[in-house]
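Structural characterization, general
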Amino acid sequence: MRAVLLASVLIAAPLAACSQPEGTTATSDTSPAAAPAPALTAQRADVGSTATAPLTNGEGGQAGTASFSQGPQGVVIRIEATGLTPGWHGIHLHETGTCDGPGFQSAGSHVHGGDAEVVHGLLNAQQNDFGDLPNIHADAQGRAYAEVFTTFARLADAGPGAHLLDADGSAIVIHAQPDDHNSQPIGGSGDRVACGVIAAG
Ligand SMILES: [Cu+2]
């Protein structure tokens, strides 16, 4: 009998919610299912900021462009790169806005926030590296066209994640090899073959 009563309560709860007149809020203090859902779509940053990073290769030549657009949950990055070796390439956000070739070490390590030890890799269970991004793929002519999205970084002045337009700027770096998204410190992605300083606008 108790089981039957429980079942009827569970069925009744959604029906009651559906029968609420428009403009009112269904309330229930009996069913956990009626608790407010986590605010998955709560705005995390002001939208509209944009930035651009002209890409250069290790010889100082043009290697395309990366364009950044701030959304409410993160940043969309459009990458149009040329002169790459065909195949997959790791790509990351680096912590300093300078791209001195040929090795682009001036771009520093990956962007990050806080004092925690950085663990790289989008597929690493301990991942906390704000510079991580999905790989891009270059075609047989060495061209890569992609859009990637990150919730770990922002152009907006406030919000979660690393601020790309901070005092010392940031850079986007394309690596020679694909990122395995797991191993330290950069997923085995190898040399830095293209780099762009991220500038507002
Ligand atoms: Cu990198």
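Check the entry above for the structure.
Parameters at a glance
- Residues numbered from 1 in each chain as written.
- Predicted model: local features only at pLDDT ≥ 70, side-chain atom pairs only at ≥ 80, totals over all residues.
- Helix = DSSP H or I, 4+ residues; strand = E, 2+ residues; numbered from the N terminus.
- Buried ≥ 20, exposed ≤ 12 C-beta atoms within 10 Å, placed from the backbone.
- Contact = placed C-beta atoms within 7 Å.
- Pairing = 2+ DSSP bridges.

The helix and strand tally for the chain stands at 1 helix and 12 strands. Reading the chain from its N end, one meets helices and strands in the order α-β-β-β-β-β-β-β-β-β-β-β-β. Of all 201 residues assigned to the chain, the portion counted as buried reaches 33%. Pairs at least 24 apart in sequence give 60% of the contacts found in the chain among residues at least 6 apart.

With that settled, consider the pairing of strand β10 (residues 171–175). Along a regular strand, successive side chains alternate from one face of the sheet to the other. β10 sits mainly inside the fold: 5 of its 5 residues count as buried. Burial of the side chains of β10 extends over both faces: A171, V173 and H175 are buried on one face and I172 and I174 on the other. As paired strands, β10 and strand β11 (residues 192–197) are joined by 5 bridges and run antiparallel to one another. Across the sheet, residue I174 finds its bridge partner in β11, namely A194.

This brings us to the environment of G74. Along the chain, G74 turns up in the loop between β2 (62–70) and β3 (75–81). For the pair G74 and F152, spaced 78 residues apart in sequence, the C-alpha to C-alpha distance is 7.1 Å.

Within the secondary structure, L164 sits in the loop between β9 (162–163) and β10. It is 8.8 Å that separates the C-alpha atoms of L164 and G97, two residues lying 67 residues apart in sequence. Non-local contacts of L164, meaning those with residues more than four positions away in its chain, are made with A51, L93, V111, A153, R154, L155, S170 and I198.

Our focus in this paragraph is the environment of P102. With respect to the secondary-structure elements, P102 resides in the loop between β5 (91–94) and β6 (136–138). Residue classification places P102 among the partly exposed positions, given that 14 C-beta atoms sit within 10 Å. Distance from P102 to A194, taken between C-alpha atoms, is 8.8 Å for residues 92 residues apart in sequence. Discounting chain neighbours no more than four positions away, the residues touching P102 are G58 and E59.

The omega torsion across G101 and P102 is 0 degrees, close enough to zero to call that bond cis. Each neighbour pair has its own omega, and for Q184 with P185 the value is -5 degrees, a cis peptide bond. In this structure, F104 is a non-glycine residue whose phi angle is positive, near 55 degrees. For F104, a count of 24 C-beta atoms within 10 Å corresponds to the buried category. Phi is positive for H181, which is not a glycine, with a value near 60 degrees. Checked against the element boundaries, H181 lands in the loop between β10 and β11. Residue H181 is classed as partly exposed on the basis of its 19 C-beta neighbours within 10 Å.

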